[in-house]
Amino acid sequence: MRIGLLTEGGYPYANGESRLWCDRLVRGLPQHEFDLFALSRSAHQEAQGWVRLPHQVSRVRTAPLWTPEDGTLRGSGERGLLARLVTGGEQSYGRRDRARFTDHLTALAAAICTPDDTGGAPGTGPGAELFTEGLYGLAELARERGGLHLALRSETTVRILEAASRARGTGRTVQSATVPDHLVFAAELERALRPLSLDWYDQESLGAVDLCHATSGGAAALPGLLAKRFFGVPLLVTEHGVQLRAHYLAASDAPFGAPVRALLAGFHGRLATEVYRQAALVTPGNTHVRRWQQRCGADPARQRTVYPGMAAERFGPVGEDAERFGAAGAGGPASLVWVGRIEPAKDLIALLHAFAEVRRAEPGARLRIFGAPAPGLEGGAYLAHCRALAAQLFPDEATGAHTEGVCPVTFEEIGGPEVPDLAEAYRAGGVIVLSSVVEGFPVSLVEAMFCGRATVSTDVGAVVEVIGGTGLVVPPRNPKALADACVALLRDPERRARLGAAARARALELFTVEQNLAAFRGIYLELMSHTPVRREADTVNAHGDPLLFATPPEARLLGHWTRAGRLPDRAGEPEGVCAAAGGPGDGDA
C-alpha cells in the first residue's frame, strides 16, 4: 500500500524530531511505498539537508512553517494559481469569497475564544462544531480560491478576533487582549493554519495515498484531516509526546502576553480534539501520553499503545556481560551514573544534594554525570551552576598528604578515550539514576535496561510504566528518598544483579525496533481491511474494458466501502530515490 507520512520539523530533515524512528519505520516496512509530506520549522533546518532516504520513499513534498525575513512564503508547488499563492503571489478575494472568509473565520475565532462547559466531554459542545465549521470552511476556500496568507494577516482578521474576544462567555484573560495581542495571535494563527493553503490536496498528492500516518498531532496532522475530508483517506496519528502539552510548555517561555497564550491554548486544544476525533486510530507511545489524549477527547476504543522502538544491539555486549558475570558484572563498585541532556528539567541540583547523603553513608561512592548542556544560554548556565554546586558540596579529597585531591563528582562528555560511546557510559555505573521533574518517555532508562543495569528514578512521565518493577522509583524533588534508594542498591550487589537482569529481559520484550515494526505492520493492514478502496482506474484495461477479478467482493456489498474510488492510476507517477535536499523553495523531489 502507499502510505502518506506526515511530519512537522522531523523526517526527512537531518536534525528533525523523531528522525530515527521514522527512518526505521520506512526501512523496516519495505513492502509498502511511502510519500513524505514534511513541514519544516526554520531556515536552519532546511539548510541542514535530508537524511539519506531508502528506495521505499517514492516522493517528498515539503513546505515551511517559518517566514523568511522578507516576509514571503516559500514552499512546494509547481502548478498555476495554488503555486503562486503558496510562494507569496496571492491575489485578492472577490466580494463573495471575502464573505465566505469572514463567516468561516468568525466561527473559528468564536470556538477559540469560548471554552467548553465545565464537566462536558471534549468535542461535544457548540464550540467544537464552530471550530470544525470554521476550519474546514477555510480549507475549502483555500483549495478553491487560493491561500490564506494575506487574508489571515489582514485588518479584517484582527477585527474578527477582537469581536470574538469581547463576546459573551469568553474568559477574563481573553477579554483583556489588546490590539497588539490580536496582531501577534493573527500572525501565529496564520503560521499554524499554513498547511491549509498548500497544494497537496488533489488526486495526485494526498488523494493518491491509501493511508495518512501523522507522526505527531498539531500542524503535522492538519494535512491528514483534509485528506480525510476531501478524499476519505483514513488517518493514523502517532504521538510519542503530547503535542498539546508541548505547546503549553513552550507558551510559558515564549515572549507573549497572557491573552496571546490563552488564545493559542484555545486553538491548539480545539485542534487536538478534532484530530483525535477524526483519526481512525491513535497510537500513543506510552500510557502517560494516552491519558493526555483521553483528556483532549480521544476515544479509548480507538487508542492503541505502541512503544517507540530502540536499537538494542548497540548495548548488547554490555548487557550480555551483566548476564554472564552477575553481580560482578553489574558496573563499577559504588558508582552512580547519570546520562542525559543537562537542563533544569533533569533536576541535577536534587541529584547532587542526594549524593551528599549517599557519601555520608558510603564514603567511597562516586557520581559520574555524562551529557552535554541543552542548546542555548540556559543549558550552559545550568551546567555552570551544577559544577559550582558540586565544587561547594564536595571539595577535592586526597587520600594522603602527598596526593592530589579528586572530586567524587565528575562531569564528562561521551566520546573520549575513557568512555568512547554511550554503552560504555552505562557500563561504568553500578546504579543508573534519573532525577527528572519532567519527563516523557525516559529513553535513558530504557538504554540502561538494555545494559542490564539496576536503576533509581523519579516518578514522572512514563517512568513507572517503563520500569515495571525492575527498578526503584521515588518521588521527584526528594533528595532524601533518592539517596536512600541509591544506598540500598549500592550495598546489595546481588539485588542489583537481579534487578538488572529483569530490566534487560523487559526491555528486550517491549522496547525493540522489531516489536515497533510488527505493531505498525499489523495496524496498517488492519486499517486497510476496514476501509477497502475501489480503484476505478485499476478495474479496466488500456481499452476501457473491465478486467476479470479486478473488483473486490466487498464492493458488491452495501456499506461505506462501496463509494466511488478516490485514487487515480499511478502509472504516470515518478519513481526514484530522494537522497538530498534543495534549499528553501525546492519543495518537491
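Residues numbered from 1 in each chain as written. Predicted model: local features only at pLDDT ≥ 70, side-chain atom pairs only at ≥ 80, totals over all residues. Heavy atoms only, no water.

Can you help me understand the packing of helix 5 (residues 126-145) against helix 12 (residues 258-278) in this one?
For any two helices packed against each other, one specifies the crossing angle of their axes together with the interaxial distance. Axis separation between helix 5 and helix 12 bottoms out at 10 Å; the angle between their running directions is 85°. Considering their axes alone, helix 5 and helix 12 lie roughly perpendicular with respect to each other. Together, G127, A128, F131, T132 and Y136 of helix 5 and F267, R270, L271, E274, R277 and Q278 of helix 12 make up the contact between the two elements. Taken together, the residues of the contact of helix 5 with helix 12 break down into five nonpolar, three polar and three charged. (Axes fitted to C-alpha atoms, helices over the stretch in contact; angles between N-to-C directions. Helix = DSSP H or I, 4+ residues; strand = E, 2+ residues; numbered from the N terminus. Parallel < 35°, antiparallel > 145°, perpendicular 65-115°, else oblique. Contact = heavy atoms within 4.5 Å. Nonpolar A, V, L, I, M, F, W, Y, C, P; charged D, E, K, R; others polar.)

For this particular structure, what's the right way to read the pairing of strand 1 (residues 2-8)?
Among the seven residues that make up strand 1, seven are buried, leaving the element largely enclosed by the rest of the structure. Taken together, the seven bridges between strand 1 and strand 2 (residues 33-40) define a ladder with parallel strand orientation. Residue pairing for strand 2: L5 is matched across the bridge by L36. As paired strands, strand 1 and strand 4 (residues 211-214) are joined by four bridges and run parallel to one another. Along strand 4, the bridge assignment pairs L5 with H213. (Buried < 20%, exposed > 50% of the residue type's maximum accessible area, 1.4 Å probe, protein only. Pairing = 2+ DSSP bridges.)

What is the right way to read the packing of aromatic side chains from this model?
Between two aromatic rings, the relevant description is the distance of the centres plus the angle of the planes. Tallied over the entire structure, the rule returns eleven aromatic pairs. Ring centres 6.1 Å apart and planes at 75° place the aromatic pair F315 and Y426 in the edge-to-face group. Taken together, the residues span a long stretch of sequence, with F315 in the loop between helix 13 (287-295) and helix 14 (316-325) and Y426 in helix 17 (residues 422-427) at a distance of 111 residues. Side by side, F315 and Y426 carry an identical accessibility label, which is buried. Ring geometry for F520 against Y524: centres 6.4 Å apart, planes inclined by 50°, an arrangement best described as tilted. In this pair, F520 and Y524 are both assigned in helix 22 (residues 513-530), four residues apart and thus about one turn of the helix distant. On the accessibility criterion, Y524 (0% relative accessible area) is buried. Here R143 stacks its cationic end above the ring of F230, 4.4 Å away from the centre of that ring. The ring of W292 carries R295 above its face, with NZ or CZ at 5.6 Å from the centroid. (Phe/Tyr/Trp six-rings, centres within 6.5 Å; stacked < 30°, edge-to-face > 60°. Lys NZ or Arg CZ within 6 Å of the ring centre and 35° of its normal.)

Explain unusual backbone geometry to me, please; I cannot follow it from the model alone.
Trans peptide bonds make up most of the peptide bonds, and negative phi angles are found at most residues other than glycine. A cis amide bond links Y11 with the next residue in sequence, P12, at an omega value of 10°. Checked against the element boundaries, P12 lands in the loop between strand 1 and helix 1 (19-28). For D347, which is not a glycine, the phi torsion comes out positive at approximately 55°. In this fold, D347 is placed in the loop between strand 7 (335-339) and helix 15 (348-361). By relative accessible area, D347 is classed as buried at 12%. In this structure, R477 takes a positive phi of about 55° despite not being glycine. Mapped onto the elements of the fold, R477 is located in the loop between strand 12 (472-474) and helix 20 (479-490). Note on R477: relative accessible area 64%, which makes it exposed.

Would you explain the environment of Q56 in this entry?
Residue position: Q56 is located in the loop between helix 2 (43-47) and strand 3 (57-64). Distance from Q56 to V26, taken between C-alpha atoms, is 6.9 Å for residues 30 residues apart in sequence. Here Q56 is in contact with V26, R27, L29, P30, H32, E33 and F34, once residues within four sequence places are set aside. Among the polar contacts listed, one links the side chain of Q56 to the backbone oxygen of V26, at a separation of 3.1 Å. Within the local environment of Q56, its side chain forms a polar contact with the backbone oxygen of R27, the two atoms lying 3.4 Å apart. (Polar contact = N/O pair within 3.5 Å; in protein donor to acceptor, adjacent residues only side chain to side chain.)

In this structure, what is going on with the sheet that holds strand 4? I would like to understand it.
Whenever strands of a sheet pair, they do so through backbone hydrogen bonds, lying parallel or antiparallel. The strand order across the open sheet built from six strands is 3-2-1-4-5-6, with neighbouring strands paired in parallel fashion. Across the chains shown, the open sheet's two edge strands, defined by having one partner strand only, are strand 3 and strand 6 (281-284). Strand after strand, the sheet turns through a mean of 15° between neighbouring axes, direction not considered.

Teacher, can you tell me more about the pairing of strand 2 here?
On a regular strand, one side chain projects to one face of the sheet and the next to the other, so that they alternate. Within strand 2, seven of the eight residues are buried, leaving the element largely enclosed by the surrounding structure. On the question of chirality, the crossover connecting strand 1 to the parallel strand 2 by way of helix 1 is right-handed. (Right-handed = clockwise from strand over helix to strand, strands pointing away.)

The analysis is restricted to geometry; functional conclusions fall outside its scope.
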